[in-house]
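If you want the building blocks of each chain, they are given just below.
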Amino acid sequence: MTVLFKIACVFPGQGSQYVGMGQELCNSFPELLSYFQEAEATLGIDLRGLCFSGPEEKLKSTSNTQPALLTISMICYEALRKSGVTPHCLAGHSLGEYSALVAAGSISFSEALLLVRQRGLLMEEAYPVGAGGMAAVLGLEANTVEEVCREVAEVGFVQIANFNCPGQLVISGEKNALVRIIELLKKAGAKKVIELNVSGPFHSQLMRKASSKFASYLDKTGILEPSLPVIANVNAAYLTTSPEIRKSLAAQIYSPVLWEESVRKLYADGIRVFIEVGPGKVLSGLIKKTVKDATILNVEDRASLENTLTKLRECM
């Protein structure tokens, strides 16, 4: 399918998962179940049962969530690809960057499964459960949030972890400091500060221990140059070589996610159609708040796939 505008496929990260994800699409296209078969043979867990039936608490465990989201995202991407859609660029939010690299042919699906499973385990182990966390901050500029982070330094460490879109940031850090900073951010004018249901202070300097251990796993993984441009979370620049990809994925664990900057970079490079590939519409909402005149679509089930194909035909 040839459209008049350049397309980027973007892949969601942790937090987009839900029980039942992928089931309807696999019912419509049974051949897509081969992804579950490969995942279960690679990891030795009932990933299909976990995605389709839960329980939710088990699905939300980081070491399960990450391979589950990767698998569902690749199922959705394959359904889109089989329908004749080839993107010009790829990007993923945090964990979603692995889906982008698999879609680009840089990392095999089975090796990516092993990587994200290990990534999840290391992230869970890097900091005591309950001692750290994250919170979404709505309605404040980054410089104000950074200033308040410095104010609570004597209580504990907090930093900006995600630059998601204008007016939406995520902070990450030690629990005591988070409790204090939430009060201060509201006084500084934040519309909302929402604690996130995560098990640790991800994308912060507190994850450096996990990053250094993860680097050794990346060194043992076969990584090829991507066949499509993939934009990196850590610097909003394109990944072009295997060493760059290894370095970027190791740093991504403790580095802020520059999602807003990544979207603006894609738009500046001519992308006018963004397709969120995987469960939920979290990224669609962020993109809508970042670039105003782009077409934003998604693929997570049969209905959204058909809607996306219809809209793309209108662009032909």
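Here the structure is a predicted model, which means the values were calculated and not measured. (Residues numbered from 1 in each chain as written. Predicted model: local features only at pLDDT ≥ 70, side-chain atom pairs only at ≥ 80, totals over all residues. Heavy atoms only, no water.)

J.: Lay out the overall build of the protein with the relevant residues and their values.
T.: In terms of regular secondary structure, the protein is built from 14 helices and 10 strands. Here the C-alpha radius of gyration of the protein, 19 Å, is about what a compact globule of 316 residues would show, namely 20 Å. When the backbone C-alpha atoms are referred to their principal axes, the protein occupies close to 55 × 45 × 40 Å. Residue burial in the protein is summarised as follows: out of 316 residues, 55% are buried. Counting contacts in the protein only where the partners sit at least 6 residues apart, residues at least 24 apart contribute 75% of the total. If you sum the accessible surface of the protein, you get close to 13,000 Å²; carbon and sulfur atoms cover 50% of it. Taking the average location of the 31 positive side-chain charges in the protein and that of its 32 negative ones, the two points are 2 Å from each other. (Helix = DSSP H or I, 4+ residues; strand = E, 2+ residues; numbered from the N terminus. Rg over C-alpha atoms; globule rule 2.2 N^0.38 Å. Buried < 20%, exposed > 50% of the residue type's maximum accessible area, 1.4 Å probe, protein only. Contact = heavy atoms within 4.5 Å. Areas by Shrake-Rupley, 256 points an atom, 1.4 Å probe, with all protein chains shown as cover. Lys, Arg positive; Asp, Glu negative; His and termini not counted. Charge placed at Lys NZ, Arg CZ, Asp CG, Glu CD.)

J.: For the packing of helix α2 (residues 34-43) against helix α5 (residues 62-82), give the residues involved together with the corresponding values.
T.: Their axes nearest at 10 Å, the elements α2 and α5 cross at an angle of 155°. Comparing the axis directions of α2 and α5 gives the class roughly antiparallel. When you trace α2 past α5, the crossing you get is right-handed. Seen from α2, the contacting residues are Y35, F36, A39 and L43; seen from α5, they are P67, T71, I72, M74, I75 and E78. The class makeup of the residues in the contact of α2 with α5 is eight nonpolar, one polar and one charged. (Axes fitted to C-alpha atoms, helices over the stretch in contact; angles between N-to-C directions. Parallel < 35°, antiparallel > 145°, perpendicular 65-115°, else oblique. Left-handed = near helix turned anticlockwise from the far one by under 90°. Nonpolar A, V, L, I, M, F, W, Y, C, P; charged D, E, K, R; others polar.)

J.: Can you tell me about the sheet that holds strand β8 (residues 238-239), naming the residues and giving the values?
T.: The strand order β8-β7-β2-β1-β9-β10 describes an open sheet built from six strands, whose pairing is mixed. Two strands close off the open sheet at either side, each with one partner strand: β8 and β10 (295-299). Note: strand β1 (residues 6-11) against strand β2 (residues 89-92), four bridges, orientation parallel. In the sheet register, C9 faces β2, and the bridge partner there is L90. Against the sheet, helix α6 (residues 96-103) engages β1, β2, β7 (230-231) and β8, with an angle of about 155° to β2. (Pairing = 2+ DSSP bridges.)

J.: Just give me the short version of the packing of aromatic side chains, but keep the residues and values in it.
T.: Tallying each qualifying case throughout the model produces three aromatic pairs. Measuring from ring centre to ring centre gives 5.2 Å for F36 and F52, while their planes differ by 80°; the resulting arrangement is edge-to-face. One end of the pair, F36, is in helix α2; the other, F52, is in helix α3 (residues 47-53), and 16 residues separate them in sequence. In this structure F52 comes out as buried when scored by relative accessible area, which is 12%. Cation over ring: R208 sits above Y254, and NZ or CZ is 4.0 Å from the ring centre. Here the basic side chain of K220 rests over the ring of Y217, its NZ or CZ set 5.6 Å away from the ring centre. (Phe/Tyr/Trp six-rings, centres within 6.5 Å; stacked < 30°, edge-to-face > 60°. Lys NZ or Arg CZ within 6 Å of the ring centre and 35° of its normal.)

J.: Go over the sheet that holds strand β3 (residues 132-138) with me, naming the residues and quoting the values.
T.: Reading across from one edge, β4-β5-β3-β6 is the order of the four strands in this open sheet, with antiparallel pairing throughout. At either margin of the open sheet sits one strand with a lone partner, and together these are β4 (158-165) and β6 (192-195). For this sheet, the mean angle separating the axes of adjacent strands, direction not counted, is 25°. Bridge count for β4 against strand β5 (residues 168-174) is six bridges, and the pairing is antiparallel. Note on β5: the bridge partner recorded for F163 is L169.

J.: Which residues make up unusual backbone geometry, and what are the values?
T.: Residue P55 follows G54 across a cis peptide bond; omega there is 5°. Inspection of the secondary structure puts P55 in the loop between α3 and α4 (56-60). Not every positive phi belongs to a glycine, and S94 is a case in point at roughly 55°. Inspection of the secondary structure assignment puts S94 in the loop between β2 and α6. Take S94: its relative accessible area is 11%, and that puts it in the buried class. At H203, a position not held by glycine, the phi torsion is positive, near 55°. Note that H203 resides in the loop between β6 and α10 (208-219).

J.: How would you summarise the pairing of β2 if you had to cite specific residues and measurements?
T.: Burial along β2 is two-sided: C89 and A91 and L90 and G92, pointing in opposite directions, are all buried. Pairing of β2 with β7 involves two bridges; the strand directions are parallel. Residue L90 lies in a different strand from β7, and its bridge partner there is V230.

J.: Account for the environment of K311, naming residues and giving values.
T.: Within the secondary structure, K311 is located in helix α14 (residues 302-314). Under the relative-accessibility criterion, K311 is labelled partly exposed at 34%. When the C-alpha positions of K311 and R117 are compared, they lie 35 Å apart, and in sequence the two are 194 residues distant.

J.: Could you give an account of the pattern of salt bridges, with specific residues and numbers?
T.: This model, assessed by the stated rule, comprises eight salt bridges. Of the charged contacts in the structure, one is a salt bridge between E57 and K60, with a shortest N-O distance of 3.3 Å. One end of the pair, E57, and the other, K60, are both in helix α4, three residues apart, so they sit about a helical turn from each other. Taking the shortest distance from any N to any O, the salt bridge between E260 and R264 comes out at 3.0 Å. Here E260 pairs with R264, and both are found in helix α12 (residues 259-268), just four residues apart, close to one helical turn. The network of salt bridges with common partners includes E78, R81 and K82. (Salt bridge = Lys/Arg side-chain N within 4 Å of Asp/Glu carboxyl O.)

The values reported here are purely geometric and, on their own, carry no functional implication.
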